[in-house]
Amino acid sequence: MSEKTAEPADAAADLAAPGTNRRPSFGGLSLRLRLLLLLALAIMPAIVAGIATAITRYEADLTATRATLRALSVLAVNRHLQTLAETNRLLQTIAQLPDVAAFNGQRCSSVLASLHGDLANRYTNFLAVGTDNAIRCTAIPMEPGRRYSNPQEVQTVLARKAFTVGGLTVGALSGERLVSAAAPITNSEGAVVGAILTGIKASFLNSQFNAYQLPEGSQLALIDRKGQAVISAGSEQLRLPSPQKIAAALSSGQFEFQHQAGDQPYLVVLNEIGDYDMFVLAALPSEAATGLVTSRLITDIGEILAFTLLAGIAVLIGARFLVLAPIGRFRRAVHRYREGGDAFAFSTAGEPPEIAELAVEFENITKDVEARQENMKTLLRQRDLLVRETNHRVKNNLQIVASLLSLQSRRISEPMAKAQFDLARQRVATLALLHRHLYEQRDTETVNLRTFFTQLMAQLLSAYGQRARSVVSVVDMRVPPSVAIPLGLIVTEAVTNAMKYAFPDSSTGQIELTVTIANGRGHLVLRDNGIGIGDDVGGDRSGMGDILMRGFADQVAGDLKVDEAPGGGTRIQLEFDPGEPPERAEAADDTTMAG
């Protein structure tokens with residue numbers, strides 16, 4: 001197999017070669033990421049549907065939890081309504097007893113004491129009170145003539161002529177927290193003559209709350225319209241909302257609100273107990289209300305994410321062994337071929353059909369490329385031979401022309417004409433020198449400017465008998481012939497002018513040639529230490545040499561300047577375009593002394 005000219009490189013770089021038409025590659029994503037992206041697109045509807053279902057269930061569970069809290073408060077209300085209804089029936093029954101209705105002194109107290117003995121766990125006392133607020137008889141003995149401590153309650157019963165429930169108070173005899181209740185006492189004519197009163201123990205009402213299985217962290221409380229808590233029950237003691245906040249909520253009809261107790265937010269629900277100005281307050285921590293459904297939501301989403309993760313891992317593993325491994329084997333075979341193998345070798349046994357077909361196509365391509373490379377190398381060798389032969393013949397022809405001009409100039413006696421023949425010969429010799437360079441070196445497309453100028457200066461000064469020595473300092477750079485020819489002719493004209501005018505009467509001197517490159521532009525400076533150009537600077541410089549130099553400068557997009565050199569002599573400066581494709585190296589201060 002022939003030598004391959006391509007340098008080893010990643011296959012992706014070859015596919016990205018300039019001038020090729022390529023479709024968007026999704027930002028250069030690898031096959032693994034593309035397969036994962038495909039998986040994500042495939043399962044995205046299922047993921048979205050699963051998350052939507054989880055959120056919907058979360059909202060439904062949260063609503064159900066709140067409904068449960070409200071239902072719990074309703075159950076507590078019903079239980080207390082039942083207790084108050086039983087108390088109403090009890091007090092009305094007591095009020096109709098003859099001894100009680102007649103306020104029959106000791107016998108009334110005995111009846112009340114007998115009844116209280118069986119109901120002491122519920123009620124603190126039974127009292128019969130007259131319209132004057134005087135206590136006529138009581139289940140618990142007390143000093144005679146005592147008056148009831150809350151006359152407003154007695155007057156309310158007398159005015160309403162119906163069962164009433166008071167607010168939270170503390171029993172004068174028992175010292176217990178209680179809710180007072182009262183019913184009117186009427187005589188045989190139906191006139192209200194007093195009231196029978198009792199106190200429902202807070203401990204008994206609390207036992208009604210304890211009959212329920214309260215959710216963890218929840219609390220029930222019995223409050224009056226002023227927001228005072230009568231009793232409360234729950235798994236933990238809650239700092240209830242302030243009486244003012246509860247009263248404000250009741251007056252505004254806001255029976256469900258949020259309450260912050262320390263660092264814990266609560267959901268609070270209020271339910272009224274009949275028309276007795278008593279309310280059940282049910283409170284549940286917001287975290288408890290949402291904790292269960294939140295954990296369920298997290299579990300549902302976690303399952304979806306776990307499924308997605310497992311699917312992604314499965315795709316990666318499958319892609320590694322089923323897709324990427326065959327591609328990797330094919331890529332390594334291509335790399336071995338590019339590293340200098342004799343032929344592309346890839347076994348298609350057991351490989352996927354697509355990879356096998358790709359390998360066959362690639363092998364065919366390599367054979368075509370190798371054949372084309374051999375043909376191109378042959379054509380390049382032939383072209384180089386033709387170009388070198390052309391340069392050789394041009395050089396020989398130019399040398400013949402220069403020789404003819406030299407012979408002709410020897411037959412001319414007139415000095416001006418002889419000088420013109422010599423100048424023409426030097427111009428032709430310059431061109432011959434350039435073609436000799438192109439012939440002698442392998443590179444037929446560029447000229448080594450340092451070597452060319454060194455030899456050119458030696459050739460020009462030799463034509464004048466070494467009357468001046470040269471100092472050549474040229475950066476190591478290569479330029480195309482289209483640049484080297486104008487530059488060589490400019491130097492030829494400048495050196496010829498210097499030898500003719502800068503050193504009169506066969507005097508000697510020095511000519512310096514410097515070429516540098518900066519910011520992509522070349523800079524040529526040629527100066528002599530002769531007599532200078534004096535008053536001609538800035539004047540009319542319409543001689544043939546000056547016209548030719550400026551014409552040659554235009555060919556290299558240059559700017560030619562001629563002025564007096566510092567310290568004396570003439571200086572020619574040219575800024576030029578080095579052309580493409582020169583192979584520029586770092587500037588080297590290589591100075592050659594000649595003559």
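Owing to the predicted nature of the structure, the values given are computational and were not obtained by experimental measurement.

Draft legend 1. Molecular detail of the overall build of the chain. Regarding its fold elements, the chain presents 13 helices and 18 strands. Put simply, the chain has 595 residues, and 39% of those count as buried. Across the chain, the fraction of contacts at a sequence separation of at least 24, relative to all contacts at a separation of at least 6, is 62%. Surface exposure of the chain reaches about 32300 Å², of which carbon and sulfur atoms provide 55%.

Draft legend 2. Region of the structure containing the packing of aromatic side chains. Counting across every chain of the model gives three aromatic pairs. Their ring planes at 80° and their centres at 5.8 Å tell us that Phe330 and Phe362 sit as a pair that is edge-to-face. Residue Phe330 is located in helix H8 (residues 286-338), and its partner Phe362 is located in helix H9 (residues 353-410); the two are separated by 32 residues in the primary sequence. For Phe330, a relative accessible area of 10% gives the class buried. For Phe362, a relative accessible area of 22% puts it in the partly exposed group. Taken together, a centroid distance of 5.6 Å and an interplanar angle of 35° make the contact between Phe452 and Phe453 tilted.

Draft legend 3. Broad picture of helix H12 (residues 481-502). In a regular helix each residue adds 1.5 Å, so 22 residues correspond to 32 Å; H12 covers 30 Å between its end C-alpha atoms and thus fits that length. Burial analysis of H12 places 17 of its 22 residues in the buried class, which makes it a mostly covered element.

Draft legend 4. Fine view of the packing of H12 against helix H13 (residues 544-555). At their nearest, the axes of H12 and H13 sit 9 Å apart, and the two run at 160° to each other. Relative to H13, the element H12 is oriented roughly antiparallel. Every pair of crossing elements has a handedness; the one defined by H12 and H13 is left-handed. Touching Pro486, Leu489, Ile490, Glu493, Ala494 and Asn497 of H12 are Gly545, Leu548, Met549, Phe552, Ala553 and Gln555, all from H13.

Draft legend 5. Region of interest: the pattern of salt bridges. Throughout the structure, instances matching the rule amount to eight salt bridges. Arg550 is the partner of Asp546 in a salt bridge, and the nearest nitrogen-oxygen pair spans 3.1 Å. Of this pair, Asp546 and Arg550 both sit in helix H13, separated by four residues, roughly a single helical turn.

Draft legend 6. Structural view of empty space enclosed by the protein. One pass over the structure, following the stated rule, counts one cavity of 30 Å³ or more. Every residue lining the largest cavity is listed: His80, Thr83, Leu84, Val165, Val179, Ile200, Leu205, Leu222, Ile273 and Met278. Residue contributions to the lining of the largest cavity peak at three residues, all from helix H2 (residues 31-95). Residue composition of the lining of the largest cavity, by class: eight nonpolar, two polar and no charged.

Draft legend 7. Inspection of unusual backbone geometry at higher detail. The phi angle at Phe103 is positive, at roughly 50°, despite the residue not being glycine. Positionally, Phe103 belongs in the loop between helix H3 (98-101) and helix H4 (105-119). The exposure class assigned to Phe103 is buried, which follows from its relative accessible area of 16%. Notably, Lys161 is not glycine yet its phi reads approximately 55°, a positive angle. Following the sequence through the fold, Lys161 ends up in the loop between helix H5 (151-160) and strand S3 (164-170). Using a relative accessible area of 59% as the deciding quantity, one classes Lys161 as exposed.

Draft legend 8. Layout of the side chain of Thr83. Note on placement: Thr83 falls in helix H2. The exposure class assigned to Thr83 is buried, which follows from its relative accessible area of 3%.

Here is what the cut-offs are and how they apply
- Residues numbered from 1 in each chain as written.
- Predicted model: local features only at pLDDT ≥ 70, side-chain atom pairs only at ≥ 80, totals over all residues.
- Heavy atoms only, no water.
- Helix = DSSP H or I, 4+ residues; strand = E, 2+ residues; numbered from the N terminus.
- Buried < 20%, exposed > 50% of the residue type's maximum accessible area, 1.4 Å probe, protein only.
- Contact = heavy atoms within 4.5 Å.
- Areas by Shrake-Rupley, 256 points an atom, 1.4 Å probe, with all protein chains shown as cover.
- Phe/Tyr/Trp six-rings, centres within 6.5 Å; stacked < 30°, edge-to-face > 60°.
- Expected span 1.5 Å × (residues − 1).
- Axes fitted to C-alpha atoms, helices over the stretch in contact; angles between N-to-C directions.
- Parallel < 35°, antiparallel > 145°, perpendicular 65-115°, else oblique.
- Left-handed = near helix turned anticlockwise from the far one by under 90°.
- Salt bridge = Lys/Arg side-chain N within 4 Å of Asp/Glu carboxyl O.
- 1 Å grid on protein atoms, 1.4 Å probe; cavity = no way out; pocket = protein on both sides within 12 Å on 5 of 7 lines; lining within 4 Å.
- Points joined across faces, edges and corners; volume = space filled by probe spheres on them.
- Nonpolar A, V, L, I, M, F, W, Y, C, P; charged D, E, K, R; others polar.

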